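Understanding the architecture of this molecule
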Amino acid sequence: MIPAAFEYHRPQNMDAVLSILQEHGDDARVMAGGHSLIPMMKLRMADVPHLIDLQDVDGMAGIDVGADSIRLGAMVTQHDIIDDDALAAAAPILREAALQIADPQVRYMGTVGGNVANGDPGNDMPGLMQCLDAQFTVVGPDGARDIPARDFYEAAYMTAREDDEVLTAVTMPVPRGGHAYEKQKRKIGDYATAAAAVQIVKDGGTCAAASIAMTNLSDTPIFSEAAGAALVGTNVDDAALKAAVAAMLGDIDPSEDNRGPIAFKKHVAGVILRRAIERAWSRA
Ligand code: FAD
């Protein structure tokens, strides 16, 4: 459980980060909270000869809640999200989901940028950000670009971010309607067996818009457009719930592991999604 030797860099600004990344290529990697990367280094599953700590880099922290949009600096921790009352008022699903990640110690260190950049299918924030239609800002040698969360994930630990780019912020529209984040886990502090992020906009007694994303049920988070579409125009009755669950099951592709066989995971996914839709609808 001791990592291989590495050189520790603690730059103060993004130019310095990018120049270390350029100089060392694949041998360099950024670290945010370190609560995914350090365990991987200790287990010798990640070899990082040059570790670049982002803690002191200017401009990567801060939560901005505007009238139409929300910006989270990449170094905002899960604890910061839980602790910010203005953010919780504007986007309560963020606090609801963050409270279901790991335990307080991990949440004091784990960052939103690290959680979404990591590409671990078990991380909760990627699916959440897909549900909320967030954009990820990355900065590299050619400048900055925005990548929609729904286009970011390619395979487990493979994302649209290039190795020499750093994720600096997550931006999203202020959520409308009702929301729910439901997570089934084996025990407190565990990663999800299945989780569902749901946002629903109600018009009169009818569902006007619905957004649904699932976690840890494929090698990437799954934004299920079909599941959301199955609710639109309905009054979210039992038939609509069954149609949404069926559509979601058509989009996920779980594999058997120590959280259970495929049939069990699909069953749990259906139960979790149904609960999340019912709760989001009751709040819409
Ligand atoms: P780091 O560990 O520092 O980095 C993770 C990866 O992302 C690295 O490859 C790093 O190079 C890259 N990276 C980090 N920041 C950036 C950036 N700004 N730009 C580009 N690349 C970047 N997470 C959950 O979602 N749900 C859970 O239930 C959960 N349970 C956990 C339980 C335990 C016991 C532990 C130790 C962790 C758990 N986590 C869970 C993970 C935790 O939330 C991590 O902190 C988080 O996933 C990664 O954030 P970090 O800031 O620690 O990133």
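**Describing the site of the ligand**
Around the ligand lies a shell of 31 residues, among which Val 30, Ala 32, Leu 37, Thr 111 and Asp 124 are the nearest. Separating an oxygen atom of the ligand from a backbone N or O atom of Gly 33 is a distance of 2.8 Å. One of the backbone nitrogen or oxygen atoms of Leu 167 is found 2.8 Å away from a nitrogen atom of the ligand. Protein burial of the ligand: of its 960 Å² of free accessible surface, 92% is covered by the chains. Broken down by class, the residue content of the shell around the ligand amounts to 14 nonpolar, 12 polar and five charged.

**Description of the side chain of His 179**
Within the fold, His 179 resides in strand E11 (residues 178-185). Owing to a relative accessible area of 12%, His 179 belongs among the buried residues under this scheme. Polar side-chain contacts of His 179 include one of 3.5 Å to the side chain of Glu 96. Once you skip the residues sitting within four places of it in the chain, His 179 turns out to touch Pro 92, Ile 93, Glu 96, Val 198, Gln 199, Arg 279, Ala 280 and Arg 283.

**A word on the sheet that holds strand E4 (residues 63-65)**
Consider a sheet: its strands pair through backbone hydrogen bonds, and that pairing is either parallel or antiparallel. Strand order in the open sheet formed by five strands is E4-E5-E10-E6-E7, and the pairing between neighbours is antiparallel. In this open sheet, the two strands that pair with only one neighbour each are E4 and strand E7 (143-148). Strand after strand, the sheet turns through a mean of 20° between neighbouring axes, direction not considered. Alignment of strand E5 (residues 69-73) against strand E10 (residues 166-173), held across five bridges, turns out to be antiparallel. Paired with Ile 70 across the strands is Met 172, a residue of E10. Each of strand E6 (135-140) and E10 is contacted by helix H1 (residues 14-24), which is oriented at about 125° to E10, the strand it contacts most.

**Structural notes on the pairing of strand E13 (residues 206-215)**
Among the 10 residues of E13, seven are classified as buried, and the element is accordingly described as predominantly covered. Where strand E12 (residues 192-203) lies against E13, nine bridges are found, and the strand directions are antiparallel. The residue of E13 that forms the bridge with Gln 199 is Ser 211. In this structure, E13 lies alongside strand E14 (residues 222-223), joined through two bridges in antiparallel fashion. Among the inter-strand pairings, Met 214 is bridged to a residue of E14, identified as Ile 222. Counting the residues in the hairpin turn of E13 and E14 gives six residues, including Asn 216, whose phi is positive at 65°.

**Focus: the sheet that holds E14**
Spatial strand order, E11-E12-E13-E14: four strands in an open sheet with antiparallel pairing. Looking at which strands have only one partner, the edges of the open sheet turn out to be E11 and E14.

**Remarks on H1**
For H1, the full list of buried residues reads Met 14, Val 17, Leu 18, Ile 20 and Leu 21. Each buried residue of H1 lies within a common arc of 160° when the element is viewed along its axis, so the set occupies one face. Turned more than 90 degrees away from the buried face of H1 sit Asp 15 and Glu 23, all of them exposed. Where H1 is buried, its residues meet strand E1 (7-9), strand E2 (28-31), strand E3 (50-53), E6 and E10. Where H1 starts, the residue carrying a side-chain oxygen 3.3 Å from the main-chain nitrogen of Asp 15 turns out to be Asn 13.

Conventions used here
- Residues numbered from 1 in each chain as written.
- Predicted model: local features only at pLDDT ≥ 70, side-chain atom pairs only at ≥ 80, totals over all residues.
- Heavy atoms only, no water.
- Near = heavy atom within 4 Å.
- Polar contact = N/O pair within 3.5 Å; in protein donor to acceptor, adjacent residues only side chain to side chain.
- Areas by Shrake-Rupley, 256 points an atom, 1.4 Å probe, with all protein chains shown as cover.
- Nonpolar A, V, L, I, M, F, W, Y, C, P; charged D, E, K, R; others polar.
- Helix = DSSP H or I, 4+ residues; strand = E, 2+ residues; numbered from the N terminus.
- Buried < 20%, exposed > 50% of the residue type's maximum accessible area, 1.4 Å probe, protein only.
- Contact = heavy atoms within 4.5 Å.
- Pairing = 2+ DSSP bridges.
- Axes fitted to C-alpha atoms, helices over the stretch in contact; angles between N-to-C directions.
- Arc of directions from axis to C-beta.

None of the figures reported here should be taken as evidence of function without further support.
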